[in-house]
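# Fold and contact review
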Amino acid sequence: MIFGLETKTQPISKEQVWESWKRIRTGGKGAGIDGITISDIDKNPRKYLYPLWNRLASGSYFPPPVREAKIPKGKGKDRRLGIPTVIDRVGQDVIRAELEKIVEPTFHSSSFGYRPGKSQHEAVEQCACNCWERWYVVDVDIKGFFDHIDHEQMMRILRKVTNKRHILMYCERWLKASVQMEDGTERKRTEGSPQGGVISPLLSNIYLHEVFDSWLSTTQPHVVFERFADDIIIHTRSIEQSEYILDKVRERMKQYSLELNKEKTKIVYCYRTARFYKENKDVPVSFDFLGFTFKPRKCSRSDGQRFWGFRPSISKKSQKRILGEIKKLAIHKWIDKDIHFLANALASKIRGWINYYGKFRISEMQTLFRGLNKRLARWFRNKYRLKTYGHSYGLMKRVIASYPNTFIHWEYGFRS
């Protein structure tokens, strides 16, 4: 251990800080406003972690401002992240781990986001099963959820789930920690919990468990749903029930200073051609959830019979985002590298895309990997100074025939 044997007034042990550091060390590498990196702490952990424990355990720890970072969200919009310092992340993880043990057993089984033993694929699979059993979906989108969490409401809810003073004290301090803008100025935060914080996902689950999960389960016990953080899908049996539930959800959100996004919140008809009842044309027949699009699709039974189902596959938005990522890599310019370097450089990304989006209808990823193969064909053309794309595609086809396992997606048959 890197710590001495002193004890403090707050019930935070040296072991808790050390275990949290080991978890943070394997996570995100971005530095906060102090510029201290994970590698800096790794070189001399006592220099940084002992003062953190000393202040946490004495109640004198106050979090520094979080660094604001913007990432593109699509359609010219940005998502604002709040990046804490690495030391602050360790402190947040200490409280998160302790608080999670208290609240995790109380969470609803249909809440999947940021929970141990729960996954996005489980949420998508449950959603697909419920779409088959029920004809309608209410696709709920909360407008700027993380930015509009009411601090007073959040603390009131926290006091319901725990009476541990150090947890309540530090959660309140993290909620109120200021934000350092990109121009260097600081802004006080009177609402919200910054995306990027270690404890923010847990606080959001606690908030929405009170606001939505337990409320809907109590008031509408026959209605089923899936929630992943602030992404909510509610399944209903009629358009009338959908409209009723949506009105109730809208009212409930207002009570907790939240607002539904009018453009993105919608009622969807889970249409199949085998059904006799047809909804009017104004009601959508598809929706997106966790990067997948749910819509009517032809499916096959184990005996080979074909039927219409309402199933997920990679969404166009996800494909567009990944193709943009491939474009930024500009692999067609890596002419000083050989093909094995390209394959190794892209392997982890391609494997990740297939493992996540290929879970449901992997064949729908054809468009995505066709775009990647076009980039590879451009690399062949530039590398070997071929005159036309026809020549480059011909060379790539010969390479595929001789070495079909060079790239991960080639192994899965995406070779055109």
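What this report covers is the structure whose coordinates are included nearby. Predicted model only: the values in this text are computed from it and were never measured.

The rules we used
- Residues numbered from 1 in each chain as written.
- Predicted model: local features only at pLDDT ≥ 70, side-chain atom pairs only at ≥ 80, totals over all residues.
- Heavy atoms only, no water.
- Axes fitted to C-alpha atoms, helices over the stretch in contact; angles between N-to-C directions.
- Helix = DSSP H or I, 4+ residues; strand = E, 2+ residues; numbered from the N terminus.
- Left-handed = near helix turned anticlockwise from the far one by under 90°.
- Contact = heavy atoms within 4.5 Å.
- Nonpolar A, V, L, I, M, F, W, Y, C, P; charged D, E, K, R; others polar.
- Buried < 20%, exposed > 50% of the residue type's maximum accessible area, 1.4 Å probe, protein only.
- Salt bridge = Lys/Arg side-chain N within 4 Å of Asp/Glu carboxyl O.
- Disulfide = S-S within 2.5 Å.
- Pairing = 2+ DSSP bridges.
- Phe/Tyr/Trp six-rings, centres within 6.5 Å; stacked < 30°, edge-to-face > 60°.
- Lys NZ or Arg CZ within 6 Å of the ring centre and 35° of its normal.

Geometrically, a packed helix pair is captured by the angle between its two axes and the distance between the axes. At a closest axis distance of 10 Å, the pairing of helix α8 (residues 200–219) and helix α9 (residues 239–255) adopts a crossing angle of 145°. Judged by the twist between their axes, the crossing of α8 over α9 is right-handed. Residue-level inspection shows E210, V211, F212 and W215 of α8 in contact with α9, the latter providing K248, V249, R252 and M253. Broken down by class, the residue content of the contact of α8 with α9 amounts to 5 nonpolar, no polar and 3 charged.

This paragraph deals with the environment of S315. By the secondary structure assignment, S315 is in the loop between β11 (306–314) and α10 (316–329). Relative accessible area serves as the criterion here: at 2%, S315 is assigned to the buried category. As a C-alpha pair, S315 and R227 span 88 residues in sequence and 18 Å in three-dimensional space. If near-sequence neighbours (up to four positions away) are discounted, S315 is found in contact with D288, G291, F292 and T293.

Within the structure shown, the criterion is met by 16 salt bridges. Where R311 meets E125, a salt bridge forms, and the shortest distance between an N and an O atom there is 3.8 Å. Of the two residues, R311 is situated in strand β11 and E125 in helix α5 (residues 120–133); the sequence distance between them amounts to 186 residues. The partner of R250 in a salt bridge is D247, with the nearest N and O atoms 3.2 Å apart. Separated by 3 residues within a single helix, R250 and D247 lie in helix α9, roughly one turn from each other. R250 sits in the partly exposed class, given a relative accessible area of 32%. Taken together, the shared-partner salt bridges in this structure form one network comprising R23, D93, R96 and E100.

Quick look at the state of the cysteines now. Under the criterion given, the structure shown has 0 disulfides. Not part of a disulfide, C127 finds its nearest cysteine sulfur in C131, a span of 4.2 Å. Residue C127 is classed as buried on the basis of its relative accessible area of 0%. Here C131 is not cross-linked by a disulfide; its sulfur's nearest cysteine counterpart is in C270, at 4.0 Å.

If you trace the 3 strands from one edge of the open sheet to the other, you get β9-β10-β11, paired in antiparallel fashion. At either margin of the open sheet sits one strand with a lone partner, and together these are β9 (287–289) and β11. If you compare each strand with its neighbour and ignore which way they point, the axes differ by 50° on average. Relative to strand β10 (residues 292–300), β9 is paired through 3 bridges, and the arrangement is antiparallel.

In terms of residue burial, strand β7 (residues 231–236) counts as a mostly covered element, since 5 of its 6 residues are buried. Bridge analysis of strand β3 (residues 136–141) against β7 gives 6 bridges, and the strand direction is antiparallel. Residue pairing for β7: V138 is matched across the bridge by I234. Between strand β6 (residues 224–228) and β7, which follow one another and run antiparallel, lie 2 residues, and A229 among them has a positive phi close to 55°.

Our next topic: the packing of aromatic side chains. Applying the stated criterion across every chain yields a total of 23 aromatic pairs. Pairing Y170 with W174 gives two aromatic rings, centres 5.9 Å apart and planes at 40°, and the pair type is tilted. Of this pair, Y170 and W174 both sit in helix α7 (residues 165–176), 4 residues apart, which is roughly one turn of the helix. When its relative accessible area of 0% is taken as the criterion, Y170 is described as buried. Judged by centre distance (6.5 Å) and plane angle (50°), the rings of F212 and W215 are tilted. Within this pair, F212 and its partner W215 are both found in helix α8, separated by 3 residues, close to a single helical turn. For the pair F212 and W215, one class covers both residues: buried. Sitting over the ring of F62, R173 keeps its end group 3.7 Å from the ring centre. Above the face of the Y389 ring, R381 is positioned so that its terminal group lies 4.4 Å from the ring centre.

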